[in-house]
Amino acid sequence: MIDALKCLVTVVELGSLSRAAVQLEMAVSSVSRKIDALEEDLGARLLLRSSRQLIVTDAGERFLPRARNILAELAEGRSAVQELDTEPRGLLTVTAPAAFGRLHVAPAIASFLQRHPMIEVDLHVSDDVVDLSARRVDVAVRAGVLPASDLVATRLAGMNRVVSASPAYLERHGWPKSPEDLLNHECLTVNGRVPPRGWWRFEGVNGYQPLPVKGRLRCDDTDSLLHAAISGAGIVHLANWLASDAIVAGQLVPVFPMLPVERDTASVRLDPNEPAIHAVHMPGRSNQAKSQLLIRHLKEYFGSPPYWDAAMEAAGAGERRAP
């Protein structure tokens, strides 16, 4: 039946049995027999054929669109099945925040490229929020609170903030017993841009408004604040994914008890106003299958709980208290 449909559509498109036979690499008699068999099966004449002309009958005009649709659906189905056995290939353009991109996205993409050797990735790390359509970005990793948009978002991990300081700083200046005590300490703060959400905010303290902490060092780059804190310049309030390595290494110590580690992202109540790590992409893009492949890999690579939280818990960081 499928061969007969191909013969019918090709004969009509080319307007000739002989030209259709050449394209289909069949004998003219074979093409004619297949169309005869199709007409017999349908009980209707589809073509009026003579040595000089070929006319599509009314029945043929009504049947042709359906024949074309059947062949198109078959081709799409065949492609879908073949993709299951075909190594994904091509270019993906990805953006990520600067610090998170360097620390966590770049290693995850390196792992992704090892798994999929036919894929290429253009990774752009910047704290600028880019327009995915204008920049032709396939996947954007974003940290914080997502604004309302038409983008498809996948939550990769939660975000907590950790108040921490170097052991040397705490030895010299003492250990804050409560968030209010931070007002009497050197606190490393953001300068030159809107502070990150949750910056110096604590449940049940100051109406959950930022504490007016002060310090002699202000910087517009949180990675620099991290290294300043490690050097003993003061107390810092950083995202868990940024402070984790220094805490595990003992270079920084959590000042207050840390929030519980997420056990299962699927079981966490998802509040759109709470900061988190998301991957976003535009619906309907041609690279959507590869984009979803990368997003699944990022989610798997980060883990649940994310590996930075698991590392801090394994190091016992969450159990530390003031002496």
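Everything quoted here is computed from the prediction, not taken from an experiment. (Residues numbered from 1 in each chain as written. Predicted model: local features only at pLDDT ≥ 70, side-chain atom pairs only at ≥ 80, totals over all residues. Heavy atoms only, no water.)

### Here's the deal with the packing of aromatic side chains
Right, so step 1: One pass over the structure, following the stated rule, counts 10 aromatic pairs.
Right, so step 2: Seen in terms of ring centroids, Phe100 and Trp241 are 5.0 Å apart; in terms of plane orientation they differ by 85 degrees. Their pairing is edge-to-face. Of this pair, Phe100 sits in helix 5 (residues 98-115) while Trp241 sits in helix 8 (residues 240-248), and the two are 141 residues apart along the sequence.
Right, so step 3: For Phe100, a relative accessible area of 0% translates into the label buried.
Right, so step 4: Exposure remark for Trp241: the relative accessible area of 9% places this residue in the buried category.
Right, so step 5: Aromatic side chains Phe302 and Tyr307 sit 6.4 Å apart centroid to centroid with 55 degrees between the ring planes, which places their arrangement in the tilted category.
Right, so step 6: One aromatic cluster is present, formed by Phe100, Trp241, Tyr301, Phe302, Tyr307 and Trp308 through successive ring pairs. (Phe/Tyr/Trp six-rings, centres within 6.5 Å; stacked < 30°, edge-to-face > 60°. Helix = DSSP H or I, 4+ residues; strand = E, 2+ residues; numbered from the N terminus. Buried < 20%, exposed > 50% of the residue type's maximum accessible area, 1.4 Å probe, protein only.)

### Digging into helix 8
Right, so step 1: Helix 8 sits mainly inside the fold: seven of its nine residues count as buried.
Right, so step 2: Regarding helix 8, the residues found buried are Asn240, Trp241, Leu242, Ala243, Ser244, Ala246 and Ile247.

### Quick notes on the packing of helix 5 against helix 9 (residues 288-302)
Right, so step 1: Contact pair helix 5 / helix 9: the axes reach a minimum separation of 10 Å and the direction vectors enclose 115 degrees. Our pair here, helix 5 against helix 9, has a crossing hand that is right-handed. Every residue of helix 9 that contacts helix 5 at Phe100, His104, Pro107, Ala108, Ile109, Ser111, Phe112 and Arg115 is listed here: Leu293, Leu294, His297, Leu298, Glu300, Tyr301 and Phe302.
Right, so step 2: Across the contact of helix 5 with helix 9, the residue classes break down as 10 nonpolar, three polar and two charged. (Axes fitted to C-alpha atoms, helices over the stretch in contact; angles between N-to-C directions. Left-handed = near helix turned anticlockwise from the far one by under 90°. Contact = heavy atoms within 4.5 Å. Nonpolar A, V, L, I, M, F, W, Y, C, P; charged D, E, K, R; others polar.)

### Some remarks on the environment of Leu48
Right, so step 1: As for its position among the elements, Leu48 is in strand 1 (residues 47-49).
Right, so step 2: For the pair Leu48 and Gly60, spaced 12 residues apart in the sequence, the C-alpha separation amounts to 9.6 Å.
Right, so step 3: If we ignore the near neighbours within four places in the chain, the residues touching Leu48 are Gln53, Leu54, Ile55 and Thr57.

### Thoughts on the confidence of the model for the chain
Right, so step 1: Residues with a pLDDT of 70 or more make up 87% of the chain, whose mean pLDDT is 84.
Right, so step 2: Considering only residues more than four positions removed or in separate chains, one finds that residues 261-271, a stretch of pLDDT under 50, has 18 contacts.
Right, so step 3: Here residues 318-323 scores under 50 on pLDDT; set against residues more than four positions off or in separate chains, the count is 12 contacts. (pLDDT = per-residue confidence, 0-100.)

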